[in-house]
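Listed below, chain by chain, are the residues.
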2 protein chains.
Amino acid sequence: MARWLVILAGGRGERFWPLSRVMHPKQFLTLVGDKSMLATTRERVAPLIDDQHTFVVTGVDYVEKVSRNLPGVPKSQILGEPRGLNTAPSIAWAAQLIARRDPEAVLLVLPSDHVIQKGERFLALADRALTLAEQHGGFYTFGIIPTHPETGYGYIERKGTAFGSRDVLEVARFVEKPPREVAEDMVQSGRYFWNSGMFVFPVNELLEAVREFLPVLYHGMVALAENPDRADVIFRELPAVSIDHGIMEKARAVYVLPADIGWDDVGTFAALARLLPRNGEQNAAHGYAIFVESENVTAISDGPLISFVGVKDLYVVATQDAVLILSPDKSQDVRKVVQALKEGGNHDHLL
Amino acid sequence: MARWLVILAGGRGERFWPLSRVMHPKQFLTLVGDKSMLATTRERVAPLIDDQHTFVVTGVDYVEKVSRNLPGVPKSQILGEPRGLNTAPSIAWAAQLIARRDPEAVLLVLPSDHVIQKGERFLALADRALTLAEQHGGFYTFGIIPTHPETGYGYIERKGTAFGSRDVLEVARFVEKPPREVAEDMVQSGRYFWNSGMFVFPVNELLEAVREFLPVLYHGMVALAENPDRADVIFRELPAVSIDHGIMEKARAVYVLPADIGWDDVGTFAALARLLPRNGEQNAAHGYAIFVESENVTAISDGPLISFVGVKDLYVVATQDAVLILSPDKSQDVRKVVQALKEGGNHDHLL
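Q: Got a minute to help me understand the interface of chain A and chain B in this structure?
A: By a frequent convention, interface size equals the accessible area lost on bringing the separate parts together. Of the residues lining the interface, 30 residues belong to chain A; the matching set on chain B comes to 30 residues. Going through the elements one at a time, strand 13 (289–292), strand 15 (305–309), strand 16 (312–318), strand 17 (322–326) and helix 11 (334–343) of chain A are the ones with two or more residues in the side of chain A that touches chain B. Of the residues contributing to the side of chain A that touches chain B, the split by class is 19 nonpolar, six polar and five charged. With five bridges connecting them, strand 15 of chain A and strand 17 (residues 322–326) of chain B associate as parallel partners. Each bridged residue has a counterpart across the sheet, and for Ile306(A) the counterpart in strand 17 of chain B is Val323(B).

Right under this line is the structure:
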C-alpha cells in the first residue's frame, strides 16, 4: 500500500499569453520563485512521495517538456493525452495504470499550475489526508477559505466534522462556477470553501466510482491500459468531464480539509500581480523594469526591459515578440487577444 | 554657381528611445512613410539638387550608416564629427569644403529628422529661396506658422516684406526657446514664426559671417579643410554654438519665407502620435497592434506585436529588447529613462 502522486499538467494557459504560448503553457512558466510551476509542484511534496511513484498527465505535445522539467520521473509515467478532456479522464488513466501495479495505492492528485505559499502546512495536510484515506478510505478534498465571491472557481459546501476530528469535515455538495449573487451568498454564509482541485483517495475507490458514475470512461480506460498504442482512437470517443462533476458530486464518503495554505491558482495576470512584492508606489516587477513617476503598475517580462513614465493602474507583459498592455480589471479578457490572433491566422504569436 | 545641399544628421534621438538607440538615432528611423527620415529628407529635394552636390554632416560613428542610407552621395562628402558641437560648426565645415570647389555656391541646409507633409509646396519654396539667394544674396529661413505656444522651438520675428514681394519678409530678430508666457504672447501677436532650422544662403556670405561673428570657428574650419586628418584635435577646441544664435541673429539681410508645408520636427512620441492615422476609437499603430476595448492609444513597434485590452490614453513603444509605456503628456520625459539606464551602466539597452 504505497502513496502515489498524480500531477495534472494539461493546461493550455491562454490567459497568460504572451508569456505562455500554445507550446509553452503556464505550468512550464517560472511565475513565482525560480523554478517552473510544474517542478515546484513536484518538489513541494517530495518528502511524502518520490519520483518513482509519480505520474504526470499532460498533452501529447508536452511530454518531452514535462520530462525535461521532471527528469527523475520515469518517462513511462508521463502520459500524453491526444486531446484534453478535462480532469476525470486524466485521473482515471493514471489511476488505471497505478492500480495494475499497486491495487492498494492511495493517490494524491495535484494540478501543476497553482501557487501554495505555505508549503510546510500543505505538506502536513496532504500527509493527513493520505493517512485518513489509508485508514478510512473515502475521497478527500482541500478547501480554501474564500476571500471574495470569485465566480471562476468551484465551491464545496461543508457539513459537520468527520472521524470525530475537528480538521476534517463532511462534504454536503459541490457547486460549479456560480453566478455572482450565488457566490456572494456562499462566501457570506461561511459554509463554503473554494475547491482547490487537489484530491486524495484510494485508487480502487476511485476506479470503482468511475465504473459506477462514468462507465464509458471506465471501459475506455481499461481498453487504453490494454492497448496503450490506441490512445488516439480511444480519446476520440471519451466524454470530457471534470472529476468534481463526474465523481465527487456523486460519490459517498467525501471529505474536505480546511486548507489555510496560501493557495492561489494564479489563473490570471491579476492573480499573479497580487503575488508579486510591491514598492512604495505599489509598482511590482517580474523581470527588469524601470518606473518613472508611475504607480500601481505591474511589469512581467521574460526578457525585454519594460520602462514606465507617468502611468498608473496597468499590467504589462512583454516577451521578445509580443507585448500585452492590460487594464487591471480586464485580466480575464486576455483570451480575446488570443481569439483575435487565432481568427487572423496568426500562429507565429501563438505557438 | 551651383546649388548645394547640406544635410545635418548628427542627432542622438534620445527622446525616441527605445526605438532610437545611440547607434541608431532618429534620422535613421522609419517613423513616417517607408524610408528613413534621412533618406526622405534627401529625396524630397532631389528635383532641385543631385547627390553629387550633397554633403551630410553627422557623428563620426554614423558615417557608415549615412552612407548606406544615401548610397548615391559621395563618401568624401559625408563628414563625421568627432563630437557634436551644435549646428554652426557642422554647417561651417561643409561650407568651407564646398566653397573650395565652388566659391559661388548657394547652399540649402536641412535637418534630417523633420517631417514635411506638403513636399511639393516645400520644394517650390526652397526653389524660391535658392533663386532669391542667387539673385540678391542674403540669408533665408523658413518660418512655420505656430499652432501652439511651444517652448521647445526657436521663434523668428518678422518685419515688413522684402524685394517688393509678399512671400518674403525681413527678419526683426530670432528668439531662442522662450518661457511659456513669452511663447504665448508671441503666438498671439501673429508676428512670429517657428524657426524650422532650414536655411538658404550663398556659401561666401556664410563664411564671411562666420569669420566676422565666430572667428575661432572660422579658423578651425580653415585648419580642418587643410588638415582633414586632424578633426579629432580641432573639434576638441571649437565652441558649440547654433547657427541661429551664432550667425543668423547677427547677420544683415536675413529673410523669412512663411512656410505652410505641413512641417513637424517630430521631436517627441507625442509629435509622432499626432502624425499617425487613427481609427474610430482614436487608436493608432505604427507596426502590428491589436486593440480590444481600448481608446486613444498609440502603438509604435519595430517588431513585437503589441496588444491592448481595456486601456486608454497611452503611448507604447516596443522593440525586441525594450518596451516603453508612456503617458501622452509625459513624452518629454523619455530622457529620464535613458538617464536611469546611463546611471545604471546599462549599455545593452542604449547602444
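Resuming the write-up.
Q: Quick question: what am I supposed to make of the sheet that holds strand 17 of chain B here?
A: Here we have six strands laid out as an open sheet, ordered 13(A)-15(A)-17(B)-16(B)-14(B)-12(B), and mixed in their pairing. At either end of the open sheet lies a strand with only one pairing partner, and these are strand 13 of chain A together with strand 12 (284–286) of chain B. Strand-to-strand, the axes of this sheet are offset by a mean angle of 10°, without reference to chain direction. Across four bridges, strand 16 (residues 312–318) of chain B lies against strand 17 of chain B in antiparallel orientation. Across the sheet, the residue bridging to Val316(B) is Ile325(B), located in strand 17 of chain B.

Q: What am I meant to see in unusual backbone geometry here?
A: Most peptide bonds take the trans configuration, and most residues that are not glycine carry a negative phi. With an omega dihedral of 5°, the bond running from Trp17(A) to Pro18(A) counts as a cis peptide bond. Topologically, Pro18(A) is positioned in the loop between strand 1 (3–9) and helix 1 (37–44). The phi dihedral of Glu293(B) is positive, around 45°, even though this residue is not glycine. Along the chain, Glu293(B) turns up in the loop between strand 13 (289–292) and strand 14 (295–301).

Q: Help me understand the packing of helix 3 (residues 87–101) of chain A against helix 7 (residues 215–226) of chain A, please; the structure alone is not making it clear to me.
A: The description of two packed helices rests on the angle between their axes and on the distance between the axes. Residues and elements named next belong to chain A. The geometry of helix 3 relative to helix 7 is characterised by a closest axis approach of 9 Å and an angle of 50° between their N-to-C directions. Relative to helix 7, the element helix 3 lies oblique. Of the two possible hands of crossing, helix 3 and helix 7 adopt the one that is right-handed. Contacts between helix 3 and helix 7 involve Ala88, Pro89, Ala92, Trp93, Gln96, Leu97 and Arg100 from the first element and Leu217, Met221, Val222, Leu224 and Ala225 from the second. The residue inventory of the contact of helix 3 with helix 7, partitioned by class, reads ten nonpolar, one polar and one charged.

Q: Teacher, can you tell me more about the relation of the copies chain A and chain B here?
A: Note that the two copies of the chain are related through a rotation about an axis and a translation along the same axis. For the match of chain A to chain B, the screw axis carries a shift of 0.1 Å, the RMSD comes to 0.1 Å, and the turn is 180°. Accordingly, the operation relating the two chain copies is best matched by a two-fold axis. Rotation axis and chain A: the residue whose C-alpha lies nearest the axis is Gln320(A), separated from it by 2.4 Å. The overlap is high: 100% of the interface residues of chain A also sit at the interface in chain B, so the same surface is used on both sides.

Q: Sorry if this is basic, but what is going on with the domain arrangement of chain A here?
A: All names here are of chain A. Per the domain assignment, the segments of chain A are domain 1 (3–264) and domain 2 (269–343). Between the C-alpha centres of domain 1 and domain 2 the distance comes to 30 Å. Counting from both sides, the interface comprises nine residues of domain 1 and, opposite them, 13 residues of domain 2. A class-by-class count of the residues in the side of domain 1 that touches domain 2 yields six nonpolar, no polar and three charged.

Q: So what exactly am I meant to see when it comes to the sheet that holds strand 13 of chain B here?
A: The strands making up a sheet associate through hydrogen bonds between their backbones, and the pairing can be parallel or antiparallel. In space, the six strands of this open sheet follow the order 12(A)-14(A)-16(A)-17(A)-15(B)-13(B), with mixed pairing throughout. Every other strand in the sheet has two partners, leaving strand 12 (284–286) of chain A together with strand 13 of chain B as the edge strands with one partner each. Going across the sheet, the axis of each strand differs from the next one's by a mean of 10°, ignoring polarity. Bridge count between strand 12 of chain A and strand 14 (residues 295–301) of chain A: three bridges; the pairing is parallel. Considered in strand 14 of chain A, the bridge of Ala284(A) is made with Thr298(A).

Q: What's the story with the nonpolar core in this structure? I'm lost.
A: Nonpolar side chains tend toward joint burial in soluble globular proteins. Judged by nonpolar contacts, the single largest core of 243 residues is most densely connected at Leu107(A), Val316(A), Ile325(A), Val6(B), Leu107(B), Val316(B) and Ile325(B). For Leu107(B), the residues in contact, after removing those within four places along its chain, are Trp4(B), Val6(B), Ala95(B), Ile98(B), Val200(B), Phe201(B), Val203(B) and Leu206(B).

Q: Help me understand the pairing of strand 6 (residues 139–144) of chain B in this model?
A: In summary, the side chains of a regular strand alternate between the two faces of the sheet. Residues and elements named next belong to chain B. With six of six residues buried, strand 6 is to be regarded as a mostly interior element. Side-chain alternation along strand 6 places Phe139, Thr141 and Gly143 on one buried face and Tyr140, Phe142 and Ile144 on a second face that is also buried. Sheet topology places strand 6 next to strand 9 (residues 192–202); four bridges connect them, and they run antiparallel. For Gly143, the partnering residue across the bridge sits in strand 9 and is Asn195.

Q: Even after reading the chapter, I still don't get the environment of Val256(A), so can you show me in this structure?
A: Residues and elements named next belong to chain A. If you trace the backbone, Val256 turns up in strand 10 (residues 254–258). Taking the C-alpha atoms as reference points, Val256 and Ile156, 100 residues apart in sequence, are found 8.0 Å from one another. Those residues within four positions of Val256 in sequence are excluded, and the remaining contacts are Thr141, Gly143, Ile156, Arg158, Leu169, Val171 and Phe193.

About the criteria used
- Residues numbered from 1 in each chain as written.
- Chains lettered and ligands numbered in written order.
- Predicted model: local features only at pLDDT ≥ 70, side-chain atom pairs only at ≥ 80, totals over all residues.
- Contact = placed C-beta atoms within 7 Å.
- Helix = DSSP H or I, 4+ residues; strand = E, 2+ residues; numbered from the N terminus.
- Nonpolar A, V, L, I, M, F, W, Y, C, P; charged D, E, K, R; others polar.
- Pairing = 2+ DSSP bridges.
- Axes fitted to C-alpha atoms, helices over the stretch in contact; angles between N-to-C directions.
- Parallel < 35°, antiparallel > 145°, perpendicular 65-115°, else oblique.
- Left-handed = near helix turned anticlockwise from the far one by under 90°.
- Least-squares fit on C-alpha atoms with pLDDT ≥ 70 in both.
- Domains from an automatic or database assignment.
- Core = buried A, V, L, I, M, F, W, Y, C linked by C-beta atoms within 7 Å.
- Buried ≥ 20, exposed ≤ 12 C-beta atoms within 10 Å, placed from the backbone.

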